[in-house]
Amino acid sequence: MEPLRRLTFPLAALLVLGCGETTQTSLAVAAPAAPLVVRAEVTATGGSAQLMTLASASPVTAMLAVDGRLYVGSDAGVSRVTRGVSQPVPVLAADGESTTTGRVRGLIAHGTEVLVLGDEGLFQSTQGVLVPSPLTASLAGLTLRDLCLHGDALYLPADEGLVRVVAGQVSRLTFAGVTEAPTRCVSASADRLIVAFTSEIVELSPNGDTAVRGPSGAGTVRAVIAGLDGAVHLATTRGVLSRDAGGAWTLWPIAGGAGGLTVWEGGLAVATATSLLRYDAAGWTPVATLPASEGARPLAIASSGHPVVAAPSALVEVQSGTGPSFEASVSPVLAASCGGCHATGAAAPKHDFSQYAIAVSLADVIVQRVTTGVMPPATSPRLSAEALEALLNWYDGGMNP
Ligand code: HEC
């Protein structure tokens, strides 16, 4: 393998291999500050948006959209899904390192790259491949369940406690009076890390030196995300549990619970066992009926603006939401790259592609010509990668005006 590979690590500062022993600290856990507010049950049926089946995948364990790319984790490793086609992301391993991630436990964004926790260790994306993190060796022997970044630390809930890595130093936190092992974590804001256990939640201060118990009786946590404005949302077996920036906890009960959730157009997209729901300032709205799937149900928003949800034997894209706008992101591209020949009709069939109605009526053939490289002709400059992506996202995203 190229010897310089390690130097290209965007996460080098965080993931350098440290030396020294793993320290273990047991923290006292203070009582919850406020009681849990339980709202009226959410109606989880009725959505009628169309579904489009994407690449089939082995059961999906995690999903993440970062920098316009959709990553899907499964028992088989990590794939990238582009326009409905799934392609495995290869692991570039040096001698003695694992050439697969194993079953994917968690995917998180770090800048425009992705960090992967698999049964074979910690990996990170760089230039379209995954490389094993040198930290993997320090984590050997731990049964890791999830990962999250908080400040300058990487946290990994494990059967052995909450593992924390700062500047390559691995330490372990346990919580007095909490007998369960942590399963999930997410950074709420600069001041709080939320750690989920099977039936409990603990809020941890930035340095990991004080802990407060979260609400109890809110169900078993299946997924956690950082929302907007410092809020945190958890999909649990009882519904959606949210903590606002001020620290108040609210539970929205949903029959069958919530399987997964993600931020979507200023609100939330929530996947239940049978439906996709939207939550925003207007309240809860059913969006689509999904193929039934019990338990955790990862989802993410594709670059088309549509939610992509794990269905038992495939991924489905829910054709809902405001995709990219023609006027803002596509018309200028078509005017600049195609107008010279097509708008006047002097050198080519006369079609002003920068006009919305014309672009829509010819969209299939435009996309076909452009993606096969036939247009613009070889004598003219190619579309840039960004311009092509804008065109395809608009096309996939429902061809908005
Ligand atoms: C250098 C001039 C030139 C440029 C630039 C150009 N085209 Fe073309 N295009 C042609 C010519 C000539 C034809 C007719 C021959 C053919 O169909 O291949 C054509 C045909 C087409 C057709 C078929 C139209 C029909 O009525 O049959 C489509 C669609 C098309 N171009 C799309 C595009 C798009 C989209 C762009 C910009 C991304 C583009 N073209 C840029 C010259 C150009």
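What counts as what
- Residues numbered from 1 in each chain as written.
- Predicted model: local features only at pLDDT ≥ 70, side-chain atom pairs only at ≥ 80, totals over all residues.
- Pairing = 2+ DSSP bridges.
- Helix = DSSP H or I, 4+ residues; strand = E, 2+ residues; numbered from the N terminus.
- Axes fitted to C-alpha atoms, helices over the stretch in contact; angles between N-to-C directions.
- Near = placed C-beta within 6 Å.
- Nonpolar A, V, L, I, M, F, W, Y, C, P; charged D, E, K, R; others polar.
- Contact = placed C-beta atoms within 7 Å.
- Left-handed = near helix turned anticlockwise from the far one by under 90°.
- Buried ≥ 20, exposed ≤ 12 C-beta atoms within 10 Å, placed from the backbone.

(A) Examining the sheet that holds strand 14 (residues 153–158) more closely. As summarised here, the arrangement of the five strands in space is 1-16-15-14-13, forming an open sheet in which the pairing is mixed. Both outer strands of the open sheet, strand 1 (23–27) and strand 13 (148–150), are each paired with one neighbouring strand and no more. Geometrically, the sheet is characterised by an average inter-axis angle of 30° between neighbouring strands, direction not taken into account. With six bridges joining them, strand 14 and strand 15 (residues 161–166) adopt antiparallel strand pairing. Across the sheet, Leu156 pairs through a bridge with Val163, a residue of strand 15.

(B) Representation of the site of the ligand in the model. Close to the ligand lie 20 residues; Cys338, Cys341, Ala348, Pro349 and Met375 are nearest. Broken down by secondary-structure element, the contributors of at least two residues to the shell around the ligand are helix 3 (326–342) and helix 5 (363–371). The leading source of residues in the shell around the ligand is helix 3, at five residues. Its residues assigned to classes, the shell around the ligand comprises 14 nonpolar, five polar and one charged.

(C) Structural context of the environment of Thr237. Structurally, the position occupied by Thr237 is in the loop between strand 22 (232–236) and strand 23 (239–243). Distance in space between the C-alpha atoms of Thr237 and Thr272 is 9.7 Å, their sequence separation being 35 residues. Not counting chain neighbours up to four residues away, the residues in contact with Thr237 comprise Gly219, Thr220 and Gly257.

(D) Representation of the packing of helix 5 against helix 6 (residues 385–396). As a packed pair, helix 5 and helix 6 sit with axes 11 Å apart at the nearest point and diverge in direction by 145°. Along this stretch, helix 5 crosses helix 6, giving a crossing that reads as left-handed. The segment helix 5 lies against helix 6, with Ala363, Val367 and Val370 engaging Leu388, Leu391, Leu392 and Tyr395. Here the residues of the contact of helix 5 with helix 6 are counted per class, giving seven nonpolar, no polar and no charged.

(E) Summary view of the sheet that holds strand 23. If you trace the five strands from one edge of the open sheet to the other, you get 3-24-23-22-21, paired in mixed fashion. If you trace the sheet from one side to the other, it starts and ends with strand 3 (37–38) and strand 21 (221–226), each paired once. The sheet contact formed by strand 21 and strand 22 spans five bridges and is antiparallel. Considered in strand 22, the bridge of Ala223 is made with Ala235.

(F) Quick peek at the environment of Pro90. With respect to the secondary-structure elements, Pro90 resides in the loop between strand 8 (85–88) and strand 9 (104–110). On the basis of neighbour count, Pro90 is assigned to the partly exposed category, with 13 C-beta atoms found within 10 Å. Expressed as a C-alpha distance, the spacing of Pro90 and Val131, which sit 41 residues apart in the sequence, is 8.7 Å. With sequence-adjacent residues up to four places away left out, Pro90 is seen in contact with Val129 and Leu130.

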